[in-house]
Amino acid sequence: MKLLIISAGPGLKQIRETHGHAVDWITSLVRSPNVNINVNNIYDGEDFNSSDYDAWIITGSAFSVLDNSKWINLLKNKIIEGYKKNIPIMGICFGHQIICEALGGKVNRNHLGWELGSYKIKFNSSVNSFDIFKNIDFNDFFYFSHEDIVTQLPEKAVKIASNKMGLQAFVIDNRIFGVQFHPEFNKEIMEMYIKIRYEKGIINNLVKVNKSKTSHKIIANFIKFCEERK
């Protein structure tokens, strides 16, 4: 299976120098030996042939979906192509948001401010219908680092999870998946994001991070789903 990881940004310099990039973290969670991984740096304007890949994962980003950048519009058009061609896509944080925007939903700055740290979310009963959430402890903590939020889902989207900060996960046609949280993070990465945001004055307190024990399984679940679908 050919997997394309679409990188939506270079990542924060301090994080990258210590822990690597989101592409590395996602790659480390792909357990199947039958997956060939390619990376596209869409934020540098790199184009790709959507039909060359069996599945896509779109990373998070320090950029905003609300920016009217050329590469963001390119990615939106690619998502529309991928949807029409029945390609399974997973979007993480920014990726989750831009899928919604591309397919008819809406994203806004969250009037409640930043969601940064480890928090619990509430899953709908429909979550049990989707294999990518298999073996996820629904009472677990999940890692967050975002200011924008999906405020309106595309027409065919099913809301899967939310909390007091807003929508946290959705599914479209059981092949397009969006999660606002970061399954690719670990506790140390989350703590470093908090430290950087605190030192920049974005947040007022160094909030405690609780370890997420199962959220990372979503990546492997997505890969398995895509392999079985071929």
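The structure this text deals with has already been given above.
Criteria and thresholds
- Per chain, the residues get numbers from 1 upward, laid out in the order the sequence is written.
- Local features are withheld for residues below a pLDDT of 70 in this predicted model, meaning they are given only at 70 or higher, and side-chain atom pairs are given and counted only at 80 or more; totals for whole chains, interfaces and linings count all residues.
- Just so you know, side-chain values use all the structure's heavy atoms and leave hydrogens and water out.
- In this text, buried Ala, Val, Leu, Ile, Met, Phe, Trp, Tyr and Cys residues form a nonpolar core when linked through side-chain atoms within 4.5 Å.
- For every residue, the accessible area obtained with a 1.4 Å probe (protein chains only) is divided by the maximum for its type, and the residue is called buried under 20%, exposed over 50%, and partly exposed between those limits.
- Helix and strand assignments follow DSSP, with helices taken as H or I runs no shorter than four residues and strands as E runs no shorter than two, numbered in order from the N terminus.
- In what follows, a contact means two residues having at least one pair of non-hydrogen atoms within 4.5 Å.
- At least two DSSP bridges between two strands are needed for those strands to be called paired.
- Only the contacting stretch of a helix is used when fitting its axis, a line to C-alpha atoms as for every element, and angles between N-to-C directions run 0 to 180 degrees.
- Salt bridge, as applied in this entry: a Lys or Arg side-chain nitrogen positioned within 4 Å of an Asp or Glu carboxyl oxygen.
- Counting rule for disulfides: a pair of cysteine sulfur atoms within 2.5 Å.
- Working definition: rings of Phe, Tyr and Trp (its six-membered ring) pair if their centres are within 6.5 Å, and the pair is stacked with planes under 30 degrees apart, edge-to-face with planes over 60 apart, and tilted otherwise.

Chemist: Before we go on, may I ask you to explain the nonpolar core in this structure?
Modeler: A general trend in soluble globular proteins is that nonpolar side chains are found buried together. Judged by nonpolar contacts, the single largest core of 35 residues is most densely connected at L3, F133 and F222. Here this core takes six residues from helix α6 (residues 217-229), the largest share from any one element. In this view, L3 contacts V30, V35, N36, I37, N38, Y53, A55, W56, I57 and I223; residues no more than four positions away in its chain are not counted. Y53, W56, W71 and I172 belong to the second largest nonpolar core, which has 30 residues in total.

Chemist: I'm lost on the environment of E228 in this one. Help?
Modeler: Checked against the element boundaries, E228 lands in helix α6. Linking E228 and E155, residues 73 residues apart in sequence, is a C-alpha distance of 27 Å.

Chemist: How should the sheet that holds strand β4 (residues 89-92) be read in this particular structure?
Modeler: Whenever strands of a sheet pair, they do so through backbone hydrogen bonds, lying parallel or antiparallel. Taken in spatial order, the eight strands line up as β2-β1-β3-β4-β12-β11-β10-β7 in an open sheet, and their pairing is mixed. If you trace the sheet from one side to the other, it starts and ends with β2 (36-41) and β7 (122-123), each paired once. Alignment of β7 against strand β10 (residues 157-163), held across two bridges, turns out to be antiparallel. Each residue of the ladder has a partner; that of F123, found in β10, is A161. Contacting β1 (2-7), β3 (55-58), β4, β11 (166-172) and β12 (176-179), helix α3 (residues 70-84) crosses the sheet at an angle of about 150° to β3. Lying on the sheet, helix α4 (residues 94-102) is in contact with β3, β4, β11 and β12; it crosses β4 at an angle near 120°.

Chemist: What is the right way to look at the pattern of salt bridges in this model?
Modeler: A side chain of one charge can pair with a side chain of the opposite charge if their charged atoms are brought near each other. Going through the model one piece at a time under the given rule, you end up with 10 salt bridges. A salt bridge links D47 to K78; its shortest N-O distance comes to 2.9 Å. With a gap of 31 residues between them, D47 in the loop between β2 and β3 and K78 in helix α3 connect regions that are remote in the sequence. For D148, the salt bridge goes to R109, with nearest N and O atoms at 2.5 Å. With D148 in strand β9 (residues 148-152) and R109 in strand β5 (residues 106-109), this pair connects stretches of sequence that are 39 residues apart. One connected set of salt bridges, linked through shared partners, spans D47, K78, E81 and K85.

Chemist: So what exactly am I meant to see when it comes to the state of the cysteines here?
Modeler: In protein structure, a disulfide is the covalent linkage between the sulfur atoms of two cysteines. Here the structure, examined in full by the defined rule, presents zero disulfides. The thiol sulfur of C93 is not disulfide-bonded, and the nearest other cysteine sulfur, from C100, lies at 12 Å.

Chemist: Any chance you could explain the packing of aromatic side chains here in plain terms?
Modeler: Each aromatic ring pair is characterised by the separation of its centres together with the angle its planes make. Counted by the stated rule, this structure contains 13 aromatic pairs. Residues W25 and F185 carry aromatic rings whose centres are separated by 5.7 Å and whose planes lie at 85° to one another, so their mutual orientation is edge-to-face. Of this pair, W25 sits in helix α2 (residues 22-28) while F185 sits in the loop between β12 and α5 (187-199), and the two are 160 residues apart along the sequence. Residue class for W25 comes out buried when judged on its relative accessible area of 8%. Given a relative accessible area of 7%, F185 falls into the buried group. Measuring from ring centre to ring centre gives 5.2 Å for F48 and W56, while their planes differ by 90°; the resulting arrangement is edge-to-face. W56 carries the same exposure label as F48, and that label is buried. Each residue in the set Y119, F123, F133, F138, F142, F144 and F181 is aromatic and connected to the rest through ring pairs, giving one cluster.

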